[in-house]
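Architecture and fold: a report
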Amino acid sequence: MESNIKKIAVLTSGGDAPGMNAAVRAVVRGALKQGFKVLGVKRGYQGLLEDDIVEMDAASVSDIIQKGGTVLKTARSSRFATKEGVETGARILREHEVDALVVIGGDGSFRGALDLSREGINLFCIPGTIDLDVACTDYTIGFDTACNTAMDAIDKIRDTSSSHGRCSIIEVMGRSAGYIATHCGIATGAEDVLIPELYNGDIEETIQKLCDHIEANKGAGKTHFLVVNAEGIGHSEYMAEKIQEKTGVKTVVTILGYIQRGGSPSCRDRFMATMMGVHTIDLMAMGYSNRVVAFKDGEIVDYDIQKALRMRKDMPQDITRVTRLLVRF
Ligand code: ATP
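Residues numbered from 1 in each chain as written. Predicted model: local features only at pLDDT ≥ 70, side-chain atom pairs only at ≥ 80, totals over all residues. Heavy atoms only, no water.

**Looking at the pairing of strand S2 (residues 37-41)**
- Within S2, 4 of the 5 residues are buried, which leaves it mostly tucked inside the rest of the structure.
- Bridging between strand S1 (residues 7-12) and S2 involves 4 bridges; their strand directions are parallel. Bridge pairing in S2 links lysine 7 to lysine 37.
- Remark: the S1/helix H1 (residues 20-33)/S2 crossover connection has right-handed handedness.
- Relative to strand S3 (residues 53-56), S2 runs antiparallel, the two sharing 4 bridges. Each bridged residue has a counterpart across the sheet, and for valine 38 the counterpart in S3 is methionine 56. (Buried < 20%, exposed > 50% of the residue type's maximum accessible area, 1.4 Å probe, protein only. Helix = DSSP H or I, 4+ residues; strand = E, 2+ residues; numbered from the N terminus. Pairing = 2+ DSSP bridges. Right-handed = clockwise from strand over helix to strand, strands pointing away.)

**What about helix H4 (residues 107-118)?**
- Under the 1.5 Å per step criterion, the end-to-end length of H4 is 17 Å for 12 residues, consistent within 8% with the ideal 16 Å.
- Buried within H4 we find Ser109, Phe110, Gly112, Ala113, Leu114, Leu116 and Ser117.
- Buried positions along H4 lie against helix H2 (44-49), helix H3 (83-95), strand S4 (100-105), strand S5 (123-127), strand S10 (291-296) and helix H10 (305-310).
- Following H4 by one or two positions, glycine 120 has its phi on the positive side, about 95°. (Expected span 1.5 Å × (residues − 1). Contact = heavy atoms within 4.5 Å.)

**Observations concerning the domain arrangement of the protein**
- Here the domain parsing of the protein yields domain 1 (7-142 + 265-310) and domain 2 (143-262).
- In this structure, domain 1 and domain 2 have C-alpha centres spaced 34 Å apart.
- If you look at the interface, domain 1 gives 17 residues, while domain 2 gives 15 residues.
- Summed over both sides, the interface between domain 1 and domain 2 buries roughly 1200 Å², with carbon and sulfur atoms accounting for 53% of that surface.
- Between aspartate 16 and arginine 261 there is a salt bridge whose closest N-O contact spans 3.4 Å.
- Run the count over domain 1 and domain 2 and you get 9 residue pairs in polar contact (both at pLDDT 80 or more). (Domains from an automatic or database assignment. Buried area = accessible area lost by both parts, 1.4 Å probe. Salt bridge = Lys/Arg side-chain N within 4 Å of Asp/Glu carboxyl O. Polar contact = N/O pair within 3.5 Å; in protein donor to acceptor, adjacent residues only side chain to side chain.)

**Describing the side chain of aspartate 16**
- With respect to the helices and strands, aspartate 16 occurs in the loop between S1 and H1.
- A distance of 3.4 Å separates the side chain of aspartate 16 from the side chain of arginine 261, its partner in a polar contact.
- Excluding residues within four positions of it along the chain, aspartate 16 makes contact with Gly69, Thr70, Thr74, Ile130 and Arg261.

**Things to note about the packing of aromatic side chains**
- Counted by the stated rule, this structure contains 2 aromatic pairs.
- A ring pair is formed by tyrosine 139 and phenylalanine 295, whose centres lie 6.5 Å apart and whose planes are at 80°; its orientation type is edge-to-face. Residue tyrosine 139 is located in the loop between S5 and helix H5 (143-164), and its partner phenylalanine 295 is located in strand S10; the two are separated by 156 residues in the primary sequence. Neither residue differs from the other here; tyrosine 139 and phenylalanine 295 are each classed as buried.
- Note that lysine 313 overlies the ring of tyrosine 179, its terminal NZ or CZ placed 5.0 Å from the centroid. (Phe/Tyr/Trp six-rings, centres within 6.5 Å; stacked < 30°, edge-to-face > 60°. Lys NZ or Arg CZ within 6 Å of the ring centre and 35° of its normal.)

**Let's talk about the sheet that holds S4**
- If you walk across this open sheet you meet the 7 strands as S3-S2-S1-S4-S5-S10-S11, and the pairing is mixed. Here the strands that pair on one side only, and so sit at the sheet edges, are S3 and strand S11 (299-304). Within the sheet, the average angular offset between the axes of one strand and its neighbour, ignoring direction, is 25°.
- Relative to S4, S1 runs parallel, the two sharing 5 bridges. Pairing of alanine 9 across the sheet is with leucine 101, part of S4.
- Taken strand by strand, H1 contacts S1, S2, S3, S4 and S5, and its axis lies near 180° from that of S1.
- Along the sheet face, H4 touches S4, S5 and S10 and points at about 175° away from the line of S5. (Axes fitted to C-alpha atoms, helices over the stretch in contact; angles between N-to-C directions.)

What follows is the structure in C-alpha cells.
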C-alpha cells in the first residue's frame, strides 16, 4: 500500500490522562520525520468545531514528555455527538486539507472518530484514559500513573487509619469500570474492593456484607480496615455512616477525585504513549486507514476502528479471584 498523506492533525479528547503529551510528541515528531505537515487541534472535538487549529513543529512538543495533562487541552462536546457537528468537523478538516486525524482519548472519543471516518476522514485512534475501559486494548495511556497516584494516597491513608484504629473508605475513579479500584485494592492490601462490574445495585446488601466482614476481621484481631470503592458505585458517605452505626468502628471517607488525573506520567505511560504514537505514524506511512492502536498480549497492535468498537472486555477473572482471595481473612 502507498501512502498519499501530506498533512495530518492530532487532538486529545475526553478526560485528560497523564501520558497524553508523550503521545502527542511521538505523533508530531514521527509525522515530521515522514515529511508530513502537522496541525494540532485544541480542546478536542469542541476546538475542531470552533476551528481552533494551530501548526505544529518539532519545537511545539519540546519539554512536554514529562508533563501531566495535555498541551493540546481537552474538552467534551455535545454538539460533536450530533450529525451536524460531525459534518461540520469533517468540513473544517477538509478546509485545512488534513489527510488523516489522530484522536487520543477514550471510548467516547473513538465513537466520535468512527462518525468522522464515515464522513470520509481517515482516522487513527490511540487509547488515552485513566480508566482502562477501552475494550480492544489491555492498556490505556494514563492508567499506570493514575494507579500509582491512588496507591500512594491509599498508603498514606492506611498509616492514619491504622494509628487510629479506623475503617477508611477510599473512593477512586472509574464510572463504569473497576480497574483502578481492583489494581489499587490489591496493591494496597485493602480489606474490600467494590467495583461496578460486581455490584448488584443493592447498597444495603453491600453494606451488610462489609459489616459482616469487618466483624469477622475484628474477631481475628484486626483493628483497622481499608475499603476501596469505585466511583461508579458511589454512596461512600452513606456506607461510612451505616458501617459506623452497625459495627461501632469509626469510619471515614476520602474521595481521591481529580488528583488521580494529574501529575507527571509514569515511565510506563510515557513509554507506551511513545510506542503507540510511533506505531500510528508507521500505519499511516504504510497506507493504512481508520485504525485503532492497541496493546494486546504484550504487543502493540491495531484494529479496524469499527471492529475495535464492537469488542467487549470483562474484568479478567484472575483479578477478581485474587481480589476476593487475598483481601479477606
Ligand atoms: P474518558 O474515558 O476519559 O471519559 P472519553 O473519550 O470516553 O474519555 P467522552 O466524554 O465519552 O470521553 O467522549 C469525548 C467526546 O467524544 C464527547 O464529548 C463527544 O464529543 C464525542 N463522543 C462521545 N460519544 C460519542 C458518540 N457516541 N458519537 C459521537 N461522538 C461521541
